[in-house]
Amino acid sequence: MTADLVDDVFRRLQKEGFQEIALEFARENVEQIRFSASSTDLHNYWDEENLSVFAAMNGRTVSTVIKDPASVDQAIIRLKEVALRTPENPSFVSINREHQTYGNGMRSHFQSADLQDLQNAMINGSLAAGAERAAGLIYNRNSEITVKTSYNECQFSTGGLEGVIRAFKGPFTGQEAQHFGFSTSPTGKTFEEMGSEAAATASATSRMSEINPGKFRVLLSPYVMGNILSYSSGFLSYYAVETGLSCFAGMLGKEISTGEFSLYDDPEDYSGVGSRMCDDEGTPTSRLEIIGQGKLKSYLHSTSTATRAGTGTTGNAGIISPRAWQMSLNAGKTRFENMLDDLEDGLLINNAWYTRFQDYRNGIFSTVPRDGVFLVKGGEVQGALSGIRISDSVMDILKNVTAISRERKRVKWWEEISASTMPYVMVDGINISKAF
């Protein structure tokens, strides 16, 4: 595909009678290396192009993704056929009609990293720290994005390096999963330290412990907070609030956490891979305070949701359903070591997956801890735990935060954790159930 093709699709949609159009053309180069048992399995390269189309005709909205230029004719015919048969979309008001100006952003800096060297650094770091073997993967991504709407056009680059390592020692595991955007310069030493930290978690104890289900004081790692807040971010969309699918409905301006807790959407932070210059309808993105000093300050808005809410867009389109780009939880006042010392009788959980919500309206969920789940007494690890679940609600976890660490990590892992920056967080009274 070329920029000329994007312009051609835009003109043809206009000619077919679509009054408002938002196109997003993405050209992505991806290099991936994947390893297990401490050796390389695969080394892949992808060069992909996609054209995402959103178009509105007399209040009716349609969308599609075009991956093959040869399918453009069929796609446009199909979009018009569907639009003529589709009822008006009550969730759509308009895309952003105001003329926008954009900053310079961070232009493409596709990092010329040797993924084989970074992989070896991670593996060697883990083995030197006591792991018996390691598995994981590294991505190097570069995306060139053009957003062209009926009123604006925005171009930017995004991407960077992502590394995941899981270290194994006997039945115990530890995991690190971090991301590095264009403004950072991670070295082999950075990846070696990730391997060392994963091995240190796997080596933290050689004993297993048992607990009965109940409520515990829990020190949640940046990965667990990233997991819970990534899955909860959809509840902060005003679309979810309107449709009754959000535990944050009716909470705007209200205190929902400790005064030390402030959460931002920060797409202008180019140290992470979630940076973005504009949203899907061409609105410039910016750092948005979502929760400030414990109070819910803003929902995520597109032009359509903001119009219905009587406020302004926050630059988070998704035209129909807004979304967060790159969340950042503020650093706290307490060192992690002191938080661990303060954990007189509780749990330290390093990672979680399979987070599933049973009740969106009340934010009730369960998730399965893994890769470092420890019973702690008097600040000392007593043994590892397995087969437990966190079974609680998002609102109760936010309400019961008692401390936030100074230390933060840029965390991202698979579909479990969106690109974000998170600290360690102490929470009282988390409900722990047994998974098996």
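One can find the structure itself at the top, above this paragraph.
Residues numbered from 1 in each chain as written. Predicted model: local features only at pLDDT ≥ 70, side-chain atom pairs only at ≥ 80, totals over all residues. Heavy atoms only, no water.

Enquirer: How should the overall build of the chain be read in this particular structure?
Expert: For the chain, the count of helices and strands is nine helices and 17 strands. On C-alpha atoms alone, the chain measures out to a radius of gyration of 23 Å, which is about the 22 Å that the 2.2 N^0.38 rule sets for 436 residues. When the backbone C-alpha atoms are referred to their principal axes, the chain occupies close to 70 × 50 × 40 Å. Excluding contacts between residues fewer than 6 apart, the proportion of contacts in the chain whose partners are at least 24 apart in sequence is 73%. For the chain, the exposed surface amounts to about 18200 Å²; the carbon and sulfur share of it is 46%. Charged side chains of the chain number 42 positive and 53 negative; the gap between the two group centres comes to 4 Å. (Helix = DSSP H or I, 4+ residues; strand = E, 2+ residues; numbered from the N terminus. Rg over C-alpha atoms; globule rule 2.2 N^0.38 Å. Contact = heavy atoms within 4.5 Å. Areas by Shrake-Rupley, 256 points an atom, 1.4 Å probe, with all protein chains shown as cover. Lys, Arg positive; Asp, Glu negative; His and termini not counted. Charge placed at Lys NZ, Arg CZ, Asp CG, Glu CD.)

Enquirer: Whenever I open this one, the packing of aromatic side chains confuses me. Can you help?
Expert: One pair of aromatic rings is described through two measures. These are the centre distance and the angle between the planes. Taken as a whole and assessed by the stated rule, the structure comprises twelve aromatic pairs. Taking the centre distance of 6.1 Å and the plane angle of 50° together, the rings of Trp-413 and Trp-414 count as tilted. Classification of Trp-414 as exposed rests on a relative accessible area of 53%. Among the aromatic side chains, those forming a connected cluster through ring pairs are Phe-235, Phe-357, Tyr-360 and Phe-365. For the cation-ring pair, Lys-148 lies above Phe-10, with the distance from its terminal atom to the ring centre recorded as 4.9 Å. (Phe/Tyr/Trp six-rings, centres within 6.5 Å; stacked < 30°, edge-to-face > 60°. Buried < 20%, exposed > 50% of the residue type's maximum accessible area, 1.4 Å probe, protein only. Lys NZ or Arg CZ within 6 Å of the ring centre and 35° of its normal.)

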